[in-house]
Amino acid sequence: MIKEALLHLLRSCCFFFSFFLLLLLLVLFYDHYWRRRRKERQLNLPPGGGGVGWPLVGETFAYLKPHPAASVGEFMENHISRHGKIYRSDLFGSPTVVSADAGLNRFVLQNEGRLFECSYPRSIGGILGKWSMLVLVGEMHREMRMISLNFMSNTRLRDHLLPEVERHALHVLRSWREGPPFSAQDEAKKFTFNLMAKNIMSMDPGEAETEKLRREYITFMKGVVSAPLNFPGTPYYKALKSRSAILTVIERKMEERMRKMNQKVEIIEEDDLLGWAMKQSKLSKEQILDLLLSLLFAGHETSSMALALAIFFLEGCPKAVRELREEHFEIARKKKDCGESRLNWEDYKKMEFTQCVINETLRLGNVVRFVHRRVIRDVHYKGYDIPRGWKILPVFAAVHLDSSLYQDPHQFNPWRWKSGLSSAVSLPPTSNFMPYGGGPRLCAGSELAKLEMAVFLHYLVLKFSWELAEPDQALAHPFLDFRKGLPIKVYSIT
Ligand code: HEM
Ligand SMILES: *[C@@H]1O[C@H](CO)[C@@H](O)[C@H](O)[C@H]1NC(C)=O
């Protein structure tokens, strides 16, 4: 009897306690909410926001709704026309300023570490790892960045990476046949993946282990930008599984290398990033794993997409293909006269129109559409207050497709980049052009990416003409993906 009464009492207490706790939480939440509101009312925040969207997720789903790559999407369009190029919203769980303003974007990137700080959603850190360069800030970021920059320095690009890029481009292009259509996007990924796998940890194209790793990255990619819901079946869960499969491969490579280094026998040293990181840095094993995993990721998903976009845009612009082919035929003819066969740095420097094609592809296609930053000091910009703790998203795509900066922005027009001939409304067109970001976090691989595209395009236009096997388009998810993988048919020339 007494026992039951006690139990009953205990249960009521529990109930009462939970109820009280819940009430307390609600009060705290509202207090926080109203304080924030009151504080915000005193500030001159950018327009927008104001009770739209759902709690926590806010307008995230509308913002991330897939749209064609060469457009800014409905959400951006509507918000810009309603509020202007700087507006506020609730995205990724934080009050956020979205910027389609070239000046503010530049200001944010230049003030990295002082007023703003790189801050990607937690899901990205979970997948790329806590030592990934996208997640790190401060001293550790600088150290990792130095290693990557040294690895892709100008001398290494010229003496070592150019022949590598050429070899891998030819490896892929030599497998192309007239006849049934194939996915140009897959082929571009093969090219850039093989190149990175070889130069990061000396893995050879076509081998079973390399192919397995490449397939893991496909699953991996899908999870990077998905909601961090970690239960079986979700893209995030699958990506975490891929992450550990990828790490297992890299770890095995490391152990192999360790054995070789310990054997002290004079073996031909592999001149790859793994070897560098193990010998010349103080990084721990865990740090090297994350560095390699994320470089392999950053280095192949972006440049392959840029290449696929170039193949796509060029297909719709025969005049540009003709001019491109002339440029490369000329280079090839001169080489033949001298009896050379391999491309060298001087040849690369002659690819001027090619660089216009590359810039125009990135301007119109926007491989990286926006970056994530956090405001670390209260900022005042063009009359607006941007409070500490908020997020800010510089959206490069919106600047690159802005008709007040680029004439006919939706037109693929490589000639707008020709010096002296620029048809951009504002001169020079490059000051608002930020496909690789900027400031202390400017893409470490931008020169390599340009080299990859130029060399691949060189052999592509020399060997083939191509057409789309069926209509396709790239969608921004926000990572880009051709719906059907960009199916093309090729015809050998010569
Ligand atoms: C067309 C191809 C590429 C585009 C459009 C691109 C774009 C970008 C952008 C916009 C950022 C800045 C991210 C931020 O500020 O938050 C970035 C960073 C980075 N990219 Fe690229 N990228 C490309 C190719 C590559 C390649 C081939 C590599 C080579 C491995 C690479 C390695 C990196 C690294 C390591 C960072 C981090 C830099 C840092 O935080 O200091 N990227 N990239
Ligand atoms: C392409 O854009 C870059 C900026 O990323 C600029 O420095 C370069 O001059 C541009 N190239 C051409 C041919 O306009």
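Residues numbered from 1 in each chain as written. Chains lettered and ligands numbered in written order. Predicted model: local features only at pLDDT ≥ 70, side-chain atom pairs only at ≥ 80, totals over all residues. Heavy atoms only, no water.

S.K.: Help me out: how do you make sense of the UniProt feature "binding site: heme" (unreviewed entry) in the protein chain in this one?
M.R.: Sequence positions flagged by UniProt for "binding site: heme" (unreviewed entry) are, in local numbering, Cys443. Note on placement: Cys443 falls in the loop between α16 (396-400) and α17 (446-463). (UniProt positions renumbered as here; feature names shortened; annotations may be inferred. Helix = DSSP H or I, 4+ residues; strand = E, 2+ residues; numbered from the N terminus.)

S.K.: Would you mind going over the sheet that holds strand β1 (residues 67-68) with me for this structure?
M.R.: By definition, the strands of a sheet pair up through backbone hydrogen bonds, in either a parallel or an antiparallel sense. Read across the sheet, three strands follow the order β1-β11-β12 without closing on themselves; strand pairing throughout is antiparallel. The open sheet has two free edges, formed respectively by β1 and β12 (480-482), since each of these has just one partner strand. Two strands pair when backbone bridges link them, and strand β11 (residues 474-476) and β12 are joined in this way by three bridges, in the antiparallel orientation. Within β12, the position partnered with Ala476 by the bridge is Leu480. Across the sheet, helix α12 (residues 285-315) is in contact with β11 and β12; its angle to β12 comes to roughly 45 degrees. (Pairing = 2+ DSSP bridges. Contact = heavy atoms within 4.5 Å. Axes fitted to C-alpha atoms, helices over the stretch in contact; angles between N-to-C directions.)

S.K.: How should a nonpolar patch on the surface be read in this particular structure?
M.R.: A cluster of nonpolar side chains, Phe16, Phe17, Phe20, Leu21, Leu24, Leu25 and Leu28, forms an exposed patch at the surface whose accessible area comes to about 740 Å². Along the chain, the position of Leu28 falls in helix α1 (residues 2-42). (Patch = residues over 30% accessible without salt bridge, like charges linked within 9 Å, V, L, I, M, F, W, Y side chains within 5 Å. Areas by Shrake-Rupley, 256 points an atom, 1.4 Å probe, with all protein chains shown as cover. Salt bridge = Lys/Arg side-chain N within 4 Å of Asp/Glu carboxyl O.)

S.K.: Which parts of the structure should I look at to understand the sheet that holds strand β9 (residues 391-394)?
M.R.: As summarised here, the arrangement of the five strands in space is β2-β3-β9-β6-β4, forming an open sheet in which the pairing is mixed. Here the strands that pair on one side only, and so sit at the sheet edges, are β2 (86-91) and β4 (116-118). Neighbouring strand axes in the sheet, compared pairwise and without regard to direction, differ in orientation by 35 degrees on average. Relative to β9, strand β6 (residues 373-375) runs antiparallel, the two being bridged by two bridges. Looking at the pairing, Arg374 lines up with Lys391 of β9. The strands touched by helix α3 (residues 74-83) are β2 and β3 (94-99); relative to β2, the strand with the most contacts, the crossing angle is about 130 degrees.

S.K.: How should the site of ligand 1 be read in this particular structure?
M.R.: Around ligand 1, the surrounding shell holds 25 residues, and the nearest of these are Tyr120, His141, Arg145, Arg373 and Cys443. Between His141 and ligand 1, the recorded distance is 2.8 Å, taken from a side-chain N or O atom to an oxygen atom. Contributions of two or more residues to the shell around ligand 1 are made by α6 (138-151), α12 and α17. Here the residues of the shell around ligand 1 sort into 15 nonpolar, six polar and four charged. (Near = heavy atom within 4 Å. Polar contact = N/O pair within 3.5 Å; in protein donor to acceptor, adjacent residues only side chain to side chain. Nonpolar A, V, L, I, M, F, W, Y, C, P; charged D, E, K, R; others polar.)

S.K.: Quick question: what am I supposed to make of the packing of aromatic side chains here?
M.R.: Within a pair of aromatic rings, the relevant descriptors are the distance that separates the centres and the angle that separates the planes. Under the defined criterion, the tally for this structure stands at 21 aromatic pairs. Ring geometry for Tyr63 and Phe370: centres 5.3 Å apart, planes at 75 degrees, overall edge-to-face. Here Tyr63, found in helix α2 (residues 60-64), pairs with Phe370, found in the loop between α15 (352-365) and β6; they are 307 residues apart in sequence, far enough to count as distant. The exposure class of Tyr63 is buried, given its relative accessible area of 9%. Taking the centre distance of 5.7 Å and the plane angle of 40 degrees together, the rings of Trp176 and Phe464 count as tilted. Of the two residues, Trp176 is situated in the loop between α7 (154-173) and β5 (182-183) and Phe464 in strand β10 (residues 464-468); the sequence distance between them amounts to 288 residues. A connected cluster of aromatic rings, assembled from ring pairs, spans Tyr63, Phe75, Tyr87, Phe92 and Phe370. Cation over ring: Lys319 sits above Trp415, and NZ or CZ is 3.9 Å from the ring centre. Across from the ring centre of Tyr406, 5.3 Å away, lies the NZ or CZ of Arg363, which sits over that ring. (Phe/Tyr/Trp six-rings, centres within 6.5 Å; stacked < 30°, edge-to-face > 60°. Buried < 20%, exposed > 50% of the residue type's maximum accessible area, 1.4 Å probe, protein only. Lys NZ or Arg CZ within 6 Å of the ring centre and 35° of its normal.)

S.K.: Teacher, can you tell me more about the packing of α7 against helix α8 (residues 184-201) here?
M.R.: Two measures define how a pair of helices packs: the angle their axes make with one another and the distance between the axes. Contact pair α7 / α8: the axes reach a minimum separation of 9 Å and the direction vectors enclose 140 degrees. Taken together, the axis directions place α7 and α8 in an arrangement best described as oblique. Here α7 runs over α8; the crossing is right-handed. Each of His160, Leu161, Glu164, Val165, Arg167, His168, Ala169, His171 and Val172 in α7 lies in contact with α8, whose residues at this interface are Glu187, Lys190, Phe191, Asn194, Leu195, Lys198 and Asn199. (Parallel < 35°, antiparallel > 145°, perpendicular 65-115°, else oblique. Left-handed = near helix turned anticlockwise from the far one by under 90°.)

S.K.: How should I be thinking about unusual backbone geometry in this particular structure?
M.R.: As a rule of thumb, non-glycine residues mostly have phi less than zero, and peptide bonds are mostly trans rather than cis. Put simply, His477 and Pro478 share a cis peptide bond, and its omega is 10 degrees. Topologically, Pro478 is positioned in the loop between β11 and β12. Not every positive phi belongs to a glycine, and Asp408 is a case in point at roughly 40 degrees. Mapped onto the fold, Asp408 is located in the loop between α16 and α17.

S.K.: Explain the environment of Ser431 to me, please; I cannot follow it from the model alone.
M.R.: Secondary-structure assignment places Ser431 in the loop between α16 and α17. For the pair Ser431 and Gly126, spaced 305 residues apart in sequence, the C-alpha separation works out to 35 Å.

S.K.: When you look at the packing of helix α13 (residues 318-338) against α15 in this model, what are you seeing that I'm missing?
M.R.: Look at α13 against α15: their axes get within 8 Å of each other, and the N-to-C directions meet at 140 degrees. For the pair α13 and α15, the sense of crossing is left-handed. Taken together, the residues of α15 that come into contact with α13 (itself represented by Ala320, Glu323, Leu324, Glu327 and His328) are Glu352, Phe353, Thr354 and Val357. Considering only residue class, the contact of α13 with α15 consists of four nonpolar, two polar and three charged.

S.K.: How do you make sense of the site of ligand 2 when you look at a structure like this?
M.R.: As a structural note, the neighbourhood of ligand 2 is formed by Cys356, Asn359, Trp417, Thr430 and Phe433. Side-chain polar atom of Asn359 to an oxygen atom of ligand 2: 2.4 Å apart, as the coordinates give it. One of the backbone nitrogen or oxygen atoms of Trp417 is found 3.4 Å away from an oxygen atom of ligand 2. Computed on the free molecule, ligand 2 has an accessible area of 360 Å², of which 60% lies beneath the protein chains in the complex. Residue composition of the shell around ligand 2, by class: three nonpolar, two polar and no charged.

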